[in-house]
Amino acid sequence: ALDYVTLPEDFASVAIKRSDIEPTSEEVEEQLNNLLSQHSSTEHITDRAAADGDTVNINYVGSVNNVEFTGGSAENYDLTLGSGTFIDGFEDQIIGHKPGETFDVNVTFPDGYSDSTDASGNTVKLSGQKAVFTVTFNYISESVLPELTDAWVAENYGESDDVHTVEELKALYQKMLYNTNLQNAIMDDLLANSTFKELPKEVTDYQVNQCLNYYYTMANYYGYDLDGFVQTAAGYENADALLEGMSDSITTYSKEALLYQAVAEALDIVPTQEQIDTYSSYTGTYGENYCTMVALMDAVTDALTESAVVS
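Residues numbered from 1 in each chain as written. Predicted model: local features only at pLDDT ≥ 70, side-chain atom pairs only at ≥ 80, totals over all residues. Heavy atoms only, no water.

1. Things to note about the pairing of strand S4 (residues 55–64)
Counting buried positions over the 10 residues of S4 gives 7, a clear majority of the element. Bridging between S4 and strand S5 (residues 67–80) involves 8 bridges; their strand directions are antiparallel. Within S5, the residue paired with Thr55 across the bridge is Thr80. (Buried < 20%, exposed > 50% of the residue type's maximum accessible area, 1.4 Å probe, protein only. Helix = DSSP H or I, 4+ residues; strand = E, 2+ residues; numbered from the N terminus. Pairing = 2+ DSSP bridges.)

2. Digging into unusual backbone geometry
Note: most residues except glycine have negative phi, and most peptide bonds are trans. Of note in the backbone geometry, Asn66 takes a positive phi value of approximately 65° without being a glycine. Structurally, Asn66 can be placed in the loop between S4 and S5. For Asn66, a relative accessible area of 77% translates into the label exposed. With a phi angle near 55°, Asp162 is a residue other than glycine that sits in the positive phi range. You can see Asp162 is positioned in the loop between helix H3 (150–157) and helix H4 (166–193). Given the relative accessible area of 55%, Asp162 is considered exposed.

3. Concerning the pattern of salt bridges
Between side chains of opposite charge, a pair can form as their charged atoms come close. Considering all chains together, one arrives at 6 salt bridges under this definition. One salt bridge connects Glu29 with Lys170, and the closest N-O pair in it is separated by 3.5 Å. Taken together, the residues Glu29 in helix H2 (residues 25–38) and Lys170 in helix H4 connect sequence positions 141 residues apart. The exposure class of Glu29 is partly exposed, given its relative accessible area of 34%. For Lys170, a relative accessible area of 26% puts it in the partly exposed group. (Salt bridge = Lys/Arg side-chain N within 4 Å of Asp/Glu carboxyl O.)

4. Considerations on the side chain of Ser63
Among the structural elements, Ser63 can be located in strand S4. Residue Ser63 is classed as buried on the basis of its relative accessible area of 15%. With sequence-adjacent residues up to four places away left out, Ser63 is seen in contact with Glu68, Phe69, Lys130, Ala131 and Val132. (Contact = heavy atoms within 4.5 Å.)

5. Thoughts on the packing of aromatic side chains
Per the counting criterion, the structure on display carries 21 aromatic pairs. Judged by centre distance (5.6 Å) and plane angle (75°), the rings of Tyr60 and Phe86 are edge-to-face. Of this pair, Tyr60 sits in strand S4 while Phe86 sits in the loop between S5 and strand S6 (102–108), placing them 26 residues apart in sequence. With respect to class, Tyr60 is no different from Phe86; both count as buried. For the pair Tyr221 and Tyr222, a centre-to-centre distance of 4.8 Å together with 90° between the ring planes defines the contact as edge-to-face. Note on Tyr222: relative accessible area 29%, which makes it partly exposed. (Phe/Tyr/Trp six-rings, centres within 6.5 Å; stacked < 30°, edge-to-face > 60°.)

6. Thoughts on a negative patch on the surface
Where like charges cluster on the molecular surface, the negative patch consists of Asp225, Asp227, Glu237, Asp240 and Glu244. The residue Asp227 is located in helix H6 (residues 226–234) in this model. Its relative accessible area of 35% is what places Asp227 among the partly exposed residues. (Patch = residues over 30% accessible without salt bridge, like charges linked within 9 Å, V, L, I, M, F, W, Y side chains within 5 Å. Areas by Shrake-Rupley, 256 points an atom, 1.4 Å probe, with all protein chains shown as cover. Lys, Arg positive; Asp, Glu negative; His and termini not counted. Charge placed at Lys NZ, Arg CZ, Asp CG, Glu CD.)

7. Notes on the packing of helix H5 (residues 201–222) against helix H8 (residues 247–267)
In the contact formed by H5 and H8, the axes pass within 9 Å of each other and the chain directions differ by 125°. If you check the angle between H5 and H8, you find them oblique. Taken as a pair, H5 and H8 cross one another with a handedness that is right-handed. Residues Val203, Thr204, Gln207 and Val208 of H5 form the contact with H8, whose own contacting residues are Ile250, Tyr253, Ser254, Ala257 and Leu258. Among the residues forming the contact of H5 with H8, the class breakdown is 6 nonpolar, 3 polar and no charged. (Axes fitted to C-alpha atoms, helices over the stretch in contact; angles between N-to-C directions. Parallel < 35°, antiparallel > 145°, perpendicular 65-115°, else oblique. Left-handed = near helix turned anticlockwise from the far one by under 90°. Nonpolar A, V, L, I, M, F, W, Y, C, P; charged D, E, K, R; others polar.)

Structure (structure tokens):
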């Protein structure tokens, strides 16, 4: 990487202003609210109509030309209205209905949608076809947050993190946010002050493949081909247009990858087997090289954070 990157002289002791990375009380509160959301319970509401943003539980059966198709039916499905999870028009037609009602939702599948099959295995074309979904509205799900008290903190974090009070939990999040802000500030400084001769094709190709793999996986999950999903979910004409629109981000990701490697070379940093083993559960999905790469990034981050000059 040092063949492609010239690091600034002070790369191992980046100067950071404490005021720029100290988290605000509002940021800490936001993290606490997110935490409480993760521990929320669900209440079933049946006495009002559905509104945009509600999470509704529904049964549905879909058909094209009166033929039911594979993947077009579900029971007790939780759908957040306005999320864009389903094809255009589906979620909007649930708004205003009340739990207990059964009604039809009329939609048109977008071009590029994959074919399905009927109960006999015959092909059912979905791309560009009008469809009817018979929907039974079961209930609206509302989240109920737990109350943030010392007792709740002690019960959930007393043994695992040795945190027993609300103030201790706030201090923990204050520290976590501070460290994240510091790490981001260091990388931003290195990106701004390093010189890049060029970006190796192997590095940019890797980032491109990461991007395409994400959208391809999501397309398969929702029953689209790649271009069809990109059109629906990201608003680009096709995958090539997506990559063109994300070219700046891909360049930034590539530079960051080179920077981590360049710092590792300059400081002779090699991840330990213990650090690599932290990500062993991802080996089957992403491969051993990915686990080594992420472990290396962690080791570099730790070294740069420890040596940064915060004033």
